[in-house]
Structure formats: structure tokens, C-alpha cells
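A closer look at the structure
Given next are the chains, with one letter for each unit.
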Amino acid sequence: MKFFGRECQLEDLKALWGKRVSSFCTCRGRRRIGKSTLISVVSAAKPKIANYHFTTLSPNLGVVDLGDSGFVIADIPGLIEGASEGAGLGHEFLKHIERCKILIHLVDAAGTEGRDPADDVIAINRELSRYNNILGHKKQVIAANKMDMAEAQENVSEKEVPTLIYHDTADLSELYEQLKGKTADILAETDGEGITAIELSDGKNIWSLNSFSNGFVEFTDKLLSDETIKKRTDDAKALFAAAECRSVIFDTGLAAYLLNPNASDYSTERLSQEYGITAYHCEKESRLLTFIPLADKLKQEIDTNEQTKLLDEIELPLAEVLAAMEKAGFQADRQGIAEYGRTLQQDIDRLQASIYAHAGSEFNINSPKQLAAVLFETLQLPAKKKTKSGYSTNAEVLEELRPYHPIIDEILEYRGLTKLKSTYCDGLLKVIGADGRIHSNFNQKETRTGRISSTEPNLQNIPVRTERGKEMRRFFTAKEGWLLVDADYSQIELRVLAHIANDKNMIEAFRSGEDIHTTTAAKVFGLPKDMVTPMLRSRA
């Protein structure tokens, strides 16, 4: 039988220990292995183990560490219960199995709560799959009781995996007609301008096509735009960006993000490991062999979590909007940015000359080591913080040194202007396209809070809190006859907090149309509201 992708034994405890385990203990109506059962297993071991240590790692998991012999007995039904309750596996369990030679998975062959043993094995495989780097080289033994081994093996073997038929050529006109009115699983490769290759399936067949196929472009356009063909994919935004796509009903990446927004990778490969997916069979390799069962599993999880409406009505439509935003891009004033960069460079040169004059010599202002030598040795300023590499010259330290010497103000201004020029002026000029627009990537699955992030370039990071930084915003323009609109929820998190906490003062401030941040700043700093500056508002 396959376990962790390797052949493993399915053995009776009698063969392992010389007699059967007497019984399973019962806890809250569930079958599970108790301390006495595990001790009886150890007591029956041959050769006899004189010393052992029993550890309860969670309410659903018992482990017997047999010392130098290195056996660990894990309760599979208990692990399944722990995984279903979100307990997962702890560091203590991993410490035990890291030093063991044989890992024995004890499963009730009669089935746990009506399931056959194959279901138990599949479930625990999913829970342990993330630890393959630890478990992969160890001997795996699946031990069963309460059932004849031949019957248990037969039950496990009955779990058949679907086999799909592979096609690397097709009459695309006939294929399109064949897919009408059905659900198609689609994995596409794009080059930024369109689709270059595609794998698709109707659940029974797999077709692998590329741009060299006769009529490929026409076929993919018709396939994606046909509303009668429901589509499941791993990246809906990419499909929306590549073609006029309709009727996308599922995106495994977005579904997995809703189920676990803390992950950093939503690829089919990683998700299939997390969810213990068994790939379908086919005569040739295809990503769809894993994608199809993964999509089925994630759909089940989304439905169970009551997140179907969130996926269908918010996340999938948002993916289409983001694709359109990326395609449209932002019009940028290339000449204006270049001119502003030259102005900044003049100011940088002026500051650099003044800093050199204060220091009495030229040095690399961007080098923390050289700057520290100037400040704390040449100018004898009080050193505030020392690291392994020397004295710190970070922004916090320099702020504390402001009263001691005029060079500090100039260094801080120099740093701000050099970053503004290199990151934003020079950086934006490099990414303005031939159409005069900047096409950023908007990431829907990046943040843990559900916010959208922007990369290549990060348009959300353009400074606005300094006057020089604000100047950058005027270089983003709308075409003639159009306007750029900046819209945002007004303190949405604080409004939700006020409602949940039933805070009368906050609720009244919102109802009267007050700026909650200004109101807070006025109370914190003991000032009238009309004397609260933007800086004080930000600090509050």
C-alpha cells in the first residue's frame, strides 16, 4: 500500500508484538488509543523494552517513545480528530519522530466511525504530508487490529483513482462543440499578451494544446468567452487578463486563500500536499491530474466554511476588475518625472557639499560605517546605539542627535531625497511602457488582511506625508476628458470596532461626521480640534 508515496506494510499487531492489542479506549464517544493500550503494546514487545516514556501531546494523540529502540506508535484516528479540530502537529511530536527508526501507524481496521481504514490512512497522510522531509526516509508500518488482514488489505485496495484519456491533438471545432454546456478545468500559460498553451479537461479527457495548434487563438477566444462553458482554473486573473473570459466559477488559488490567508504559496503543487490530494491516473503527465481532485476538495471546504458567496460574489468578480486595471495601467508624465529627478539631484548635490563641509572631508554618506566614524569620532557626537558592526546610524538614532549638530538635519534630508529619486523617479521611468502607461501587478492573495497589494512597481508606496513626496502624485495623469478618482472607505476598521464595542463616543463622532483621527488627536494632545496638525493626526 502507498503511504507518503512509498510502499508500506499493512500488518496485524499480533505479528508485530506477539499478541493483539486488547481494546481501544473510548473518549467522548470516539474510538481512540489510550495510555493503557499503548503500555500493553509496549509490554508485549519482543525483545522486551525495559524503559519507555509515555507522552500525551494533545487530547487526540498519544506517543510511546521506546528510547534507544526508537519506535514511535501514533494513533491515526486520534491524529485525524486533531487535524479536523485544527490542532495540527506540535514540535514535541516532531522531536519524537525525528529520532525514531520505525514509525508505526496504529489504525482500527474496522474503520473509525463507520469509515474503512483506507479513509483513515488518506486523512492522516494529508496531515503528515508537510513533514515528508522528516518521515520520508523512515520505515513506515501501518498496523491494524479487529479485522482480518486480508479483508483490510482488500478494503484499502478498493480505493480506485480515476483514469483520464490524454489527447495532444484535436479537431478544435469539434472540441469546442463537445465542451459546450459543460464544466471545463483549464490551466493556461500566458506571456503577458495572450495564451500560449492550455491544458483542459471535461473530467474524462485531457487535451494539451499550444499556439502551434491549427486555429488555437480562435479556439481559446471562443472557449473562454462562451458563457455556457463553466470554467475552473488556478488563476482567474490571468485568464481575465489574457482574453475576454466569462463564466469562471472556481479558482483554486482564491479558494485556498479564503480558507487560509496566512499561507505564502497557493500553487497547485503545494496545495495538493497540504490537502493530501491523490493525483488521477493518465498515460502522460499533466498538471490537471492533481488540479481536478484539488478543485473538488477545495470546493467542498469552501461550501463547508460557508464561503461560497464570498468567493462567487466578491473574490472572482474582483479578479476580473484587477485584470482590467492592470491592462489599462496609469498614464504617467515621463518628461515631468525626468525633470523632477533632475531637480532632486541638484538638491542632493547641494546637501552633499554641505555635509562634506561639516565633516571636514569627503566620505560615502550612504555607508553606515563611514558615517558613524564622522559623527562619533570626527564630530564627537554622543553615540546612542552600538551593533555588532559598529555604531548605529539609523533614523531613530539620527532623530535623537538633531539638537547636537546641523549636519544631522542635512543627512536626514539627503536620505529622503536620494530614496525619492532612486526609488520613484529613476524607478518609475524604467517601468513606463511604450504606451506611456505604468502597468502594475495587483495582488489579491498577498496580504493576510484581505487588502490588495501592488508590485512591479508598488504604486501604493509612493510617499504622501512629505511635501517633496507629494509632488510625485502630480505625474500620474488622466487622458483628456477623463479624471482620476481616489476613493476609500472612511475609517472602516474603526467603524466596525465602534459597532462591536458599542463605544458611545466613537459612534457619536461617526454619526456627526467628525474626523475620528482628529478627535482622537485632540484628546491625546489636549488641543482644540482646529489646532491639530496633519502630523499630530497621523501620530494619534
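Summarised in this report is the structure supplied together with it.

Parameters and conventions
Residues numbered from 1 in each chain as written. Predicted model: local features only at pLDDT ≥ 70, side-chain atom pairs only at ≥ 80, totals over all residues. Heavy atoms only, no water. Helix = DSSP H or I, 4+ residues; strand = E, 2+ residues; numbered from the N terminus. Buried < 20%, exposed > 50% of the residue type's maximum accessible area, 1.4 Å probe, protein only. Contact = heavy atoms within 4.5 Å. Areas by Shrake-Rupley, 256 points an atom, 1.4 Å probe, with all protein chains shown as cover. Salt bridge = Lys/Arg side-chain N within 4 Å of Asp/Glu carboxyl O. Pairing = 2+ DSSP bridges. Core = buried A, V, L, I, M, F, W, Y, C linked by side-chain atoms within 4.5 Å. Arc of directions from axis to C-beta. Polar contact = N/O pair within 3.5 Å; in protein donor to acceptor, adjacent residues only side chain to side chain. Phe/Tyr/Trp six-rings, centres within 6.5 Å; stacked < 30°, edge-to-face > 60°. Patch = residues over 30% accessible without salt bridge, like charges linked within 9 Å, V, L, I, M, F, W, Y side chains within 5 Å.

**A few points about the overall build of the protein**
- Helix and strand content of the protein: 23 helices and 24 strands.
- Looking at the protein as a whole, 44% of its 540 residues are labelled buried.
- Long-range pairs, those at least 24 residues apart, make up 60% of the contacts in the protein with a sequence separation of at least 6.
- Summed over all atoms, the accessible surface of the protein reaches about 29,700 Å², with 49% contributed by carbon and sulfur.

**Notes on the pattern of salt bridges**
- Following the criterion strictly, the structure yields 21 salt bridges and no others.
- The partner of Glu320 in a salt bridge is Arg246, with the nearest N and O atoms 3.3 Å apart. A residue pair is termed long-range when its members are at least 10 positions apart, and Glu320 in helix α14 (residues 308-328) and Arg246 in the loop between α10 (236-242) and β16 (248-251) qualify at 74 residues.
- With relative accessibility at 36%, the residue Glu320 sits in the partly exposed group.
- The closest approach of N and O atoms between Asp426 and Lys421, which form a salt bridge, is 3.1 Å.
- A relative accessible area of 15% places Lys421 in the buried class.

**Topic: the sheet that holds strand β12 (residues 183-190)**
- One open sheet accounts for seven strands, arranged β16-β15-β12-β13-β14-β11-β17; its pairing is mixed. Of all strands in the sheet, those bounded by a partner on one side alone are β16 and β17 (281-282).
- As judged from the two bridges shared by strand β11 (residues 163-167) and β17, these two strands associate in the parallel manner. Paired with Thr163 across the bridge in β17 is His281.

**Some words on the nonpolar core**
- Counting 53 residues, the largest nonpolar core has Leu179, Ile198, Leu200, Leu209, Phe219, Leu223 and Leu298 as its most contacted members.
- Ranked by the residues each element gives to this core, the list is headed by helix α13 (residues 288-304), at eight residues.
- Here Phe219 is in contact with Leu172, Leu175, Tyr176, Leu179, Leu200 and Leu209, once residues within four sequence places are set aside.
- Grouped together as the second largest cluster of nonpolar side chains are 38 residues, Tyr356, Ile407, Tyr414 and Leu417 included.

**Here's the deal with the sheet that holds strand β18 (residues 330-332)**
- Across the sheet, which stays open at both edges, the three strands sit in the order β21-β18-β24 with antiparallel pairing between neighbours. Two strands lie at the open edges of the sheet, namely β21 (437-438) and β24 (476-477), each paired on one side alone.

**Description of the side chain of Thr519**
- Within the element layout of this structure, Thr519 appears in helix α22 (residues 516-525).
- Excluding residues that lie within four positions of it along the chain, Thr519 makes contacts with Glu514 and Lys529.

**Overview of helix α21 (residues 504-511)**
- Every buried residue of α21 is accounted for by Met506, Ile507, Ala509 and Phe510. Along α21, the residues classed as buried sweep out an arc of 160° about the axis, all on the same side. Opposite the buried face of α21, at more than 90 degrees from it, the exposed residues are Lys504, Asn505 and Arg511.
- Residues of α21 that are buried sit in contact with α20 (492-501) and α22.
- Put simply, Asp503 is the residue that caps the front of α21, since its side-chain oxygen is 3.1 Å from the backbone nitrogen of Asn505.

**Topic: the packing of aromatic side chains**
- Tallied over the full model, the rule gives five aromatic pairs.
- Aromatic side chains Tyr257 and Tyr266 sit 5.8 Å apart centroid to centroid with 85° between the ring planes, which places their arrangement in the edge-to-face category. Tyr266 shares its class with Tyr257; the two are buried.
- Taking 5.6 Å as the distance between ring centres and 45° as the angle between the ring planes, the aromatic pair formed by Tyr340 and Phe475 counts as tilted. Here Phe475 lies in the loop between α19 (467-470) and β24 and Tyr340 lies in helix α15 (residues 334-359), a separation of 135 residues in the sequence.

**Focus on a nonpolar patch on the surface**
- A contiguous nonpolar patch, built from Tyr489, Ile492, Val496 and Ile500 and spanning about 440 Å² of accessible area, is present on the exposed surface.
- Position of Ile500 among the secondary structure elements: in helix α20.

**Overview of the side chain of Thr233**
- Looking at the secondary structure, you find Thr233 in strand β15 (residues 230-233).
- Relative accessible area serves as the criterion here: at 1%, Thr233 is assigned to the buried category.
- Among the polar contacts listed, one links the side chain of Thr233 to the side chain of Asp234, at a separation of 3.5 Å.

**Looking at the pairing of β11**
- Residues Leu164 and Tyr166 line the buried face of β11, whereas the alternating positions Thr163, Ile165 and His167 sit on a face that is not buried.
- Relative to strand β14 (residues 205-210), β11 is paired through three bridges, and the arrangement is parallel. Looking at β14, one finds that His167 is bridged to Trp207.

**Re unusual backbone geometry**
- Along the chain, Glu456 connects to Pro457 via a cis peptide bond; the corresponding omega equals -5°.
- Phi is positive for Glu306, close to 55°, though the residue is something other than glycine.
- Structurally, the position occupied by Glu306 is in the loop between α13 and α14.
- In this structure, Asn502 is a non-glycine residue whose phi angle is positive, near 55°.
- By secondary structure assignment, the location of Asn502 is in the loop between α20 and α21.
- Take Asn502: its relative accessible area is 43%, and that puts it in the partly exposed class.

**Regarding the pairing of β12**
- Here three bridges tie β12 to β15, and the two strands are oriented parallel to one another. Bridging across to β15, Ala184 finds its partner in Lys231.
- Pairing of β12 with strand β13 (residues 195-201) involves six bridges; the strand directions are antiparallel. Its bridge partner being in β13, Ile186 is matched across the sheet by Leu200.
- Hairpin connection between β12 and β13: a loop of four residues separates the two successive antiparallel strands, and Gly192 in this loop has a positive phi of roughly 95°.

Purely spatial values, then, with no claim about function.
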